[in-house]
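Overview (structure and organization)
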Amino acid sequence: MDQIEQLAQAALARDHLKLRSLVQDLTRANINFGDLPRPTTPDSRLLAITASLIELLALRQKQNPPVWTKEIGPLKEPFFMLESAASMKRLRILCETQSPEPMRKRLFYAPPHFLEFA
Amino acid sequence: MAIFTRDVDAVILSPREARIVRDLARQVAEEHDWPEDWLNDGAKGYLVGISKGPLVFQAPGIEARAPSMEQLLAMKLSAWRDDVDISDARRLLQEVAKGSKRDEVWQNLEPYLVKGDELTAQYAFLDLWESLYGSD
């Protein structure tokens, strides 16, 4: 399983410790996000989170995402990236209203600083 | 050995030329085969003011202190990025809140909130307080 697929799987599993670690590895590796190939998976949810995460990380690194991410549409139902959003009402509203754009447009809801690290 | 973190967040207060400390940290990295940026000062943008927390390391010529628990909690509430931050903040709040009222605790955090994230931090604090102690 490649790093991007691991990243997407960790995000959907809400395994934030693993997600942090993978994002920091990717950021350190100075990869060109624009060159990343479209995953071959038939799983539309996995494809959507992959596209969202690549767009988000590319944006934060001031890079262009690959062209194929534009073809990936939203989920059928919203997905909250944080388990705590189920029990914390203000957090839920924060995620719904301020999720980073590459996530929100595909109905993935996260806090505004999601995956930001010093 | 299990690895729990990949770097150490630090703010260098002295000497004024942080480059000197970075050079020494690079030397340590070479000796231990660690990543060159194991001592990471990127978090300084999130540090508002300096609190004097517990001493964590002391040797001739060096003193390392942790921020106070109030400052750590304020930083977690300002960042509020994921369930890891929430879990850390919950533990910190349980320590900071011992025997105190909600508004007193909040007042002690306010000086350390990251500029621009004060409202997020306040909502985060209220959610967290309610999850631990109810809405009273």
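All values derive from a computational prediction rather than experimental measurement. (Residues numbered from 1 in each chain as written. Chains lettered and ligands numbered in written order. Predicted model: local features only at pLDDT ≥ 70, side-chain atom pairs only at ≥ 80, totals over all residues.)

What follows deals with the interface of chain B and chain A. It is common to give the size of an interface as the accessible area that goes away when the parts come together. Contact residues are listed per partner, giving 18 residues for chain B and 20 residues for chain A. For the side of chain B that touches chain A, the secondary structure elements donating two or more residues are helix 3 (83-96) and helix 5 (118-133) of chain B. Sorting elements by how many residues they give to the side of chain B that touches chain A places helix 5 of chain B first, with five residues. For the side of chain B that touches chain A, the residue count by class is eight nonpolar, four polar and six charged. (Contact = placed C-beta atoms within 7 Å. Helix = DSSP H or I, 4+ residues; strand = E, 2+ residues; numbered from the N terminus. Nonpolar A, V, L, I, M, F, W, Y, C, P; charged D, E, K, R; others polar.)

All right, on to the environment of A:Gln6 then. Residue and element names in this part refer to chain A. On the secondary structure map, Gln6 appears in helix 1 (residues 3-12). Given 17 C-beta atoms within a 10 Å radius, Gln6 is considered partly exposed. Remark: the alpha-carbon pair of Gln6 and Val67, spanning 61 residues in sequence, is separated by 21 Å. (Buried ≥ 20, exposed ≤ 12 C-beta atoms within 10 Å, placed from the backbone.)

Attention now moves to helix 1 of chain A. Residues and elements named next belong to chain A. The complete set of buried residues in helix 1 reads Leu7, Ala8, Ala10 and Ala11. Viewed end-on, helix 1 has its buried residues packed into an arc of 165°, placing them on one side of the element. Against helix 2 (16-28) and helix 3 (44-60) lie the buried residues of helix 1. (Arc of directions from axis to C-beta.)

The side chains of a regular strand alternate between the sheet's two faces. Residues and elements named next belong to chain B. The pairing of strand 3 (residues 55-59) with strand 4 (residues 62-65) spans four bridges and is antiparallel. By the bridge assignment, Phe57 is partnered in strand 4 with Ala64. As consecutive antiparallel partners, strand 3 and strand 4 are separated by two residues, and within that stretch Gly61 has a phi angle of approximately 85°, a positive value. (Pairing = 2+ DSSP bridges.)

Looking now at the confidence of the model for chain B. Across chain B, the average pLDDT comes to 91, with 96% of residues at or above 70. Scoring of the predicted complex yields 0.88 for pTM and 0.90 for ipTM. (pLDDT = per-residue confidence, 0-100.)

This part takes up the nonpolar core. Ranked by size, the top nonpolar core spans 30 residues in total, and within it A:Leu7, A:Ala11, A:Leu53, A:Leu57, A:Met81, A:Cys95 and A:Ala110 carry the most contacts. If you list the elements that add at least two residues to this core, you get helix 1, helix 2, helix 3, helix 4 (89-98) and strand 2 (108-109) of chain A. With nine residues, helix 3 of chain A is the single largest residue contributor to this core. If we skip the residues at most four places from it in the chain, A:Leu57 touches A:Val23, A:Leu26 and A:Phe33. Judged by nonpolar contacts, the second largest core, of 18 residues, contains B:Leu72, B:Tyr112, B:Ala121 and B:Leu128. (Core = buried A, V, L, I, M, F, W, Y, C linked by C-beta atoms within 7 Å.)

Position of A:Asn32 relative to the elements: it lies in the loop between helix 2 and helix 3. Placed 14 residues apart in sequence, A:Asn32 and A:Lys18 show a C-alpha to C-alpha distance of 21 Å.

What follows covers the domain arrangement of chain B. All names here are of chain B. Domain annotation for chain B reports domain 1 (8-65) and domain 2 (69-133). Placing the centre of domain 1 and that of domain 2 at their C-alpha centroids yields a distance of 25 Å. Broken down by class, the residue content of the side of domain 1 that touches domain 2 amounts to two nonpolar, two polar and no charged. (Domains from an automatic or database assignment.)

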